[in-house]
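In case you want the letters, here they are:
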Amino acid sequence: MQNHLRFLLSQSLIGLAVFSQIAIFAQPSSAETMTGQLGNVSAEISYDKPEEYQYKNVRLQISRAGKIVLDQKLPQESEYDRPVGGIYEKEDKLPILDLDGDKEPEVVADFFTGGAHCCTYSLIYRYDKKSQKYTQIRHDWGNGAYRFKDIDKDGIVELESQDDRFAYAFTAYAASAYPLQIWQYRQGKMVDVTRRYPKLIYSHASELWKTYTEIRQQGDDGKGFLAAYLADKYLLGQGEDGWKRVRQAYTKSDASGGLRQRNQYFADIRKFFRETGYIK
Ligand SMILES: [Ca+2]
Ligand SMILES: [Ca+2]
C-alpha cells in the first residue's frame, strides 16, 4: 500500500501547493516568480498573480553568468495549465541540476494542466554549446508525479515514476495501479531504464501484491493491482511466474464474473502488454 499511497500523496501535494498559493494570493496584480540557480546558470519562471485558477503570461528566463540567453513566453495548454514547485526542494524553487552528468546544468520546469488529477509534465532545457542556445523537450507524467533520486548512487539523479498508461486500463481510476518506471535523461532525451533496477522492481512488485491482498479483503476485484504486479514481473523477466500467481489469484476473485470474463481480462492484459512493450 505504501508506494501507492506515496504516489497518491505526492499527487495531492501538488494540488495542495497550488491551491494554497491561490488562497494566499487572492487579489490580482503583479507577478509571481519561481527561481533556481546552479553554478553560473540561473532561471526564473514568472506569471501574473493567478485569478480564478487561471495563470497568464507564464514566462521562462534563463541566464548564464548574469546574461539572459533565453526569455520566452511558455505555451500553455489552457490558462489552467500552471507551473508547480515542490517536486525539488522548496515550493518556489525551480529545479536546476545536471541530469546527465556532463557538468552542464539543465533547467526543469514542471507543470500541472489542471483538472481533478491530470496531468503533470516537465519541460527540460539543455544548453547547446555550439549554437549557444537552449533546446527543450517535454516529458508527460500523466496523472502521477515523479521524484529525483540517485538510485544507483553514481552522483547523477534518476527520475522515479510509474507507468501512467495503466490509468483506467483495467478498472476505474481510483482502483488503477501502476508498474514502476525509472527514467534517465541522456543526450537530450528521456530513456526508460527501469529494467536496470531489478531490486527496486522486486520490492515494488511485493508492495503491489500486498496491496492487492488488502483491497481484495475490502471487496475490490483487484484487477488494476494484478495487472500492475504482472507488468513488474515482466520487467523482472519473470512473466511466466507472474501469470501463475495471477491465474491462481484471479480464480478466487471470479465468483460473480464467470469464466468468460476472466478469459477476457487475461486477453486484455496480453494485448495491452504487447502494445506497451512489456511483452516483446
Ligand atoms: Ca547536463
Ligand atoms: Ca544515478
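Residues numbered from 1 in each chain as written. Chains lettered and ligands numbered in written order. Predicted model: local features only at pLDDT ≥ 70, side-chain atom pairs only at ≥ 80, totals over all residues. Heavy atoms only, no water.

Brief notes about the packing of aromatic side chains
Now for step 1: In the structure shown here, the tally under the stated rule is 20 aromatic pairs.
Now for step 2: Residues Phe-166 and Phe-272 carry aromatic rings whose centres are separated by 5.0 Å and whose planes lie at 90° to one another, so their mutual orientation is edge-to-face. Of the two residues, Phe-166 is situated in the loop between strand 11 (158-162) and strand 12 (180-186) and Phe-272 in helix 5 (residues 258-276); the sequence distance between them amounts to 106 residues.
Now for step 3: Relative accessible area serves as the criterion here: at 1%, Phe-166 is assigned to the buried category.
Now for step 4: Here the aromatic rings of Phe-273 and Tyr-278 are separated by 5.5 Å at their centres, their planes lie at 40°, and the arrangement is tilted.
Now for step 5: A relative accessible area of 6% places Tyr-278 in the buried class.
Now for step 6: Taken together through their ring pairs, the aromatic side chains of Phe-166, Phe-170, Tyr-234, Trp-243, Tyr-250, Tyr-265, Phe-266, Phe-272, Phe-273 and Tyr-278 make up a single cluster. (Phe/Tyr/Trp six-rings, centres within 6.5 Å; stacked < 30°, edge-to-face > 60°. Helix = DSSP H or I, 4+ residues; strand = E, 2+ residues; numbered from the N terminus. Buried < 20%, exposed > 50% of the residue type's maximum accessible area, 1.4 Å probe, protein only.)

A short note on the pairing of strand 1 (residues 31-38)
Now for step 1: Sheet topology places strand 1 next to strand 2 (residues 41-48); eight bridges connect them, and they run antiparallel. Residue pairing across strands places Thr-33 opposite Ser-46, the latter belonging to strand 2.
Now for step 2: Following strand 1, the chain reverses through two residues before pairing antiparallel with strand 2; Gly-39 in that reversal takes a positive phi of roughly 60°. (Pairing = 2+ DSSP bridges.)

Some thoughts on the state of the cysteines
Now for step 1: Under the definition given, this model contains one disulfide.
Now for step 2: A sulfur-sulfur separation of 1.6 Å characterises the disulfide bridge that pairs Cys-118 with Cys-119. Judged by the sign of its S-S torsion, about 55°, the cystine formed by Cys-118 and Cys-119 is right-handed.
Now for step 3: A residue is classified by how much of its surface remains accessible, and Cys-118, at 23% relative accessible area, is partly exposed. (Disulfide = S-S within 2.5 Å.)

Some thoughts on the nonpolar core
Now for step 1: Among the nonpolar cores identified, the biggest contains 38 residues, and Phe-166, Leu-226, Tyr-265, Ile-269 and Phe-273 are the most heavily contacted of them.
Now for step 2: Of all the secondary structure elements, the ones that give two or more residues to this core are strand 12, helix 2 (198-217), helix 3 (223-235), helix 4 (239-252) and helix 5.
Now for step 3: For Leu-226, the residues in contact, after removing those within four places along its chain, are Trp-209, Tyr-212, Val-246, Ala-249, Tyr-250 and Tyr-265. (Core = buried A, V, L, I, M, F, W, Y, C linked by side-chain atoms within 4.5 Å. Contact = heavy atoms within 4.5 Å.)

Thoughts on the pattern of salt bridges
Now for step 1: Across all of its chains, the model carries nine salt bridges by this definition.
Now for step 2: Among the salt bridges present, the one from Glu-160 reaches Lys-149, with a minimum N-O distance of 3.8 Å. Here Glu-160 is found in strand 11, whereas its partner Lys-149 is found in strand 10 (residues 147-149), with 11 residues between them in sequence.
Now for step 3: Across the pair Glu-275 and Lys-271 runs a salt bridge whose closest N-O atoms are separated by 3.2 Å. Of this pair, Glu-275 and Lys-271 are both found in helix 5, four residues apart, which corresponds to roughly one turn of the helix.
Now for step 4: When its relative accessible area of 51% is taken as the criterion, Lys-271 is described as exposed. (Salt bridge = Lys/Arg side-chain N within 4 Å of Asp/Glu carboxyl O.)

A few points about the environment of Gln-136
Now for step 1: Within the secondary structure, Gln-136 sits in strand 9 (residues 133-142).
Now for step 2: Exposure remark for Gln-136: the relative accessible area of 37% places this residue in the partly exposed category.
Now for step 3: Those residues in contact with Gln-136, other than ones at most four positions away along the chain, are Leu-123, Ile-124 and Tyr-125.
Now for step 4: A polar contact is formed between the side chain of Gln-136 and the side chain of Tyr-125, at a distance of 3.4 Å. (Polar contact = N/O pair within 3.5 Å; in protein donor to acceptor, adjacent residues only side chain to side chain.)

Overview of the coordination of the calcium ion (ligand 2)
Now for step 1: For the calcium ion (ligand 2), the protein coordination sphere consists of Asp-150 (OD), Asp-152 (OD), Asp-154 (OD), Ile-156 (O), Glu-158 (OE) and Glu-158 (OE), at 2.2 to 2.5 Å.
Now for step 2: Note that the calcium ion (ligand 2) binds six donor atoms; their angles at the metal cover 52 to 175°, and the shape is irregular.
Now for step 3: Donor residues for the calcium ion (ligand 2) sit on one chain with the sequence pattern D-x1-D-x1-D-x1-I-x1-E. With respect to burial, Ile-156 and Glu-158 carry one shared label: buried. (Donors = N, O, S within 2.8 Å, 3.2 Å for Na, K, Ca; no water. Tetrahedral: all angles 85-135°; square planar, octahedral: opposite > 155°, others 65-115°.)

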